[in-house]
Amino acid sequence: MLDRFKRRRFFGLRRRGQIRVPLILLCVFSIVLLVLWTVRDNPLQPPGDSAAEPLSQRQPQEAESVAVEPNAEGENPDDPSRDGWQTEVFANTAKHQLEALLKLIQVPSEQVAEKADQLISVDFEGAEVMPASLDTIFSDERFAVQAPGTSVSDRPAGTVDRSQFVESLKRLGKLFEHSDDLRIEVKVVGVVLDGPRATTKQKIALNARTSRGRIEQHATWTAGWLLSSDPEHPQLSSLAMTDFQQVEARDQGAALLADCTQSVLGSQENVLKQILTGYPEQLDRTQDWRYCVLLGTPGLAVADINNDGLEDIYICQETGIPNLLLLQQPDGSVKNVAGEWGVDWIHNSPAAIFADFDNDGDQDIAVVVTGGIIVSSNEGNRFEKKAFLPTADDTRSVSIADFDGDGRLDLYVCVYGPDGSITDRESAIAGISYRGSLYHDATEGGPNSLLHNRGNWQFADATEEMGLGEANHRLTLAASWEDYDNDGDLDLYVANDYAPNSLFRNDIVDTASPESRSKGRFTDVAEEVGATDQANGMSVSWGDHNRDGWMDLYVGNMFSSAGNRITTQKSFKADATEDIRSTLKRFARGNTLLENQGDGTFKDTSESAGVTMGRWAWSSPFVDLNNDGWEDMLIVNGFITGEDKRDL
């Protein structure tokens, strides 16, 4: 479903002249296809070695358009063969064939060759399914990372024949034998149809627990296909591997990250039931169908609220379900004290944050609800409401910083949609640009705001005064503060959905003489310093990933295999400029690492660092997972969780 959902987004771009996204095109059960296409039966023969030639240099076949009746009720509305996208049809076919091929590693060794007959052509030439030798490029007590000693991209495509390829499948099977949880993932990211042959590019992932520990492999394959008389069963004729990496998490008797929900919440029956109840079950019970309700994005915050040295958790829940304040106990369990502490709000709460707003040494709390922020003071054994700060209705997140160096923490409020933009159940679709928005440069969002802490629980809107009011109607999901230029004050990065991001340099504080504040303002320098990252900005994190003393940026976006396939087709937005086509293709690439160059500029090193593939990313913090002093990345992703695991 997820891949189909993404594909519709890009189909929507193809159909409309101004690259706008009408909401109905993105509703999973509401798409009506009015224009269908057919494809010529005799495309051109591929030149030379189809597996070795870069896919980006090939020209896909074109489709002819014919007017037909819309799909009848009950028919599959997502049938690319009826819409003329034969490349999409073949992408699905290739995916199933490669999955079947990789599943051969689970069958007895003596049966692999026979079962491979239907999948691999007799004249196959290409790379092995796994490199014959690997070098360890990183190792510690927990992890070992291996890669080919010689770059696989430098090796000739025709290295093994069919029988040798089958032997490599057996060798791969040996590595994963005795595993009962093998997961195989094939994501097709490019397709070229050329007469009796085809070429696909795909990202491959294998993951399983073995006797040696958990092993995960990632590779990029370019596969050549021989199209037989049976269109559902093409045969693999060639294979080129452009990258390969294997990670082994050594077994130490416990998983790196373990699900401890049951053990931590076991004594809190009502809390456990609320946490473990799936969002679809809550959806039909809610009475508030405004502002992204179908997405279910309640926030959480972590802090030690009672100064006992143990971190506690505040969890926002869906509309109508009381929020939770989980006080950590010495034995590692938690106790819900939201009622006693006066913060068991039942409002729609997309975000919350702990901070010492009154400088008394304990953690106060700000909870976002529809239309504003409830700010409460920590009184030792309860929170006391001090202020309600009106904001736009569709507030998504809040970040804190002392932006002007006056010793008090201020709030920056991120807003997605404008007030009143979503008012009914039918149109409450989450994470989608609003009707009439320009897909790659949306400006119909609600206004973000900077709330200046004046002391004594008084906050004033300083958005315009401080220069943050310009172009302030994006669809904003997240923002983060950091001193990126090492001048002593905090700058602000704002991640926008369907639009360029902003980097606001802080020119307010005179760091040479902090006691005499300058009359400067924030200045958006994102474009001039190379930090716009125009895509689906969903999260932003700062970290010095290369330990050079300058803070780098990691922005969570959206990787889409369907988007990668569709935006590279010649018929996609054929009437648009190459600049527009390139921009739209960028939307499907995934996450972005912007490396601080130390001179005030940033360099996009995402692809060379191999960190674009975060799937549908929502959160992307830097975290030192193995305590070695280097910042790692942890990406939270997903969209719809259901019984069909292919959606994830």
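Fair warning: this is a prediction, and the values are worked out from it, not measured in the lab.

(A) Molecular detail of the packing of helix α3 (residues 109-116) against helix α4 (residues 162-175). For the pair α3 and α4, the least separation of the axes is 10 Å and the interaxial angle reads 135°. Considering the angle they form, α3 stands oblique to α4. The handedness of the crossing between α3 and α4 is right-handed. Where α3 approaches α4, its residues S109, V112, A113 and A116 are matched on the opposing element by R162, V166, L169 and K170. Across the contact of α3 with α4, the residue classes break down as five nonpolar, one polar and two charged.

(B) Just unusual backbone geometry, in detail. Backbone geometry at A471 places phi at a positive 50°, although glycine is not the residue there. Relative to the helices and strands, A471 resides in the loop between β22 (458-461) and β23 (475-482). At N486, a position not held by glycine, the phi torsion is positive, near 50°. By secondary structure assignment, the location of N486 is in the loop between β23 and β24 (491-497). Residue classification places N486 among the partly exposed residues on the basis of a relative accessible area of 40%.

(C) Focus on the environment of E470. Among the secondary structure elements, E470 is positioned in the loop between β22 and β23. Assessed through its relative accessible area of 59%, E470 is described here as exposed. The spacing of E470 and T523 is 53 residues in sequence and 9.6 Å in space, taken between C-alpha atoms.

(D) Region of the structure containing the sheet that holds strand β13 (residues 324-328). If you walk across this open sheet you meet the four strands as β11-β12-β13-β14, and the pairing is antiparallel. With partners counted over all chains shown, the strands left at the sheet margins are β11 (300-303) and β14 (334-336), one partner each. Going across the sheet, the axis of each strand differs from the next one's by a mean of 20°, ignoring polarity. Relative to strand β12 (residues 312-315), β11 is paired through four bridges, and the arrangement is antiparallel. Each residue of the ladder has a partner; that of L300, found in β12, is I315. Relative to the sheet, helix α6 (residues 269-276) contacts β12, β13 and β14, its axis offset from that of β13 by approximately 120°.

(E) Representation of the packing of aromatic side chains within the structure. Within this structure, the stated rule accounts for twelve aromatic pairs. Look at F90 and W225: their rings are 6.2 Å apart centre to centre, the planes differ by 80°, and that puts the pair in the edge-to-face class. In this pair, F90 is assigned in helix α2 (residues 86-102) and W225 in strand β9 (residues 213-226), connecting sequence segments 135 residues apart. Its relative accessible area of 2% is what places W225 among the buried residues.

What counts and what doesn't
Residues numbered from 1 in each chain as written. Predicted model: local features only at pLDDT ≥ 70, side-chain atom pairs only at ≥ 80, totals over all residues. Heavy atoms only, no water. Axes fitted to C-alpha atoms, helices over the stretch in contact; angles between N-to-C directions. Helix = DSSP H or I, 4+ residues; strand = E, 2+ residues; numbered from the N terminus. Parallel < 35°, antiparallel > 145°, perpendicular 65-115°, else oblique. Left-handed = near helix turned anticlockwise from the far one by under 90°. Contact = heavy atoms within 4.5 Å. Nonpolar A, V, L, I, M, F, W, Y, C, P; charged D, E, K, R; others polar. Buried < 20%, exposed > 50% of the residue type's maximum accessible area, 1.4 Å probe, protein only. Pairing = 2+ DSSP bridges. Phe/Tyr/Trp six-rings, centres within 6.5 Å; stacked < 30°, edge-to-face > 60°.

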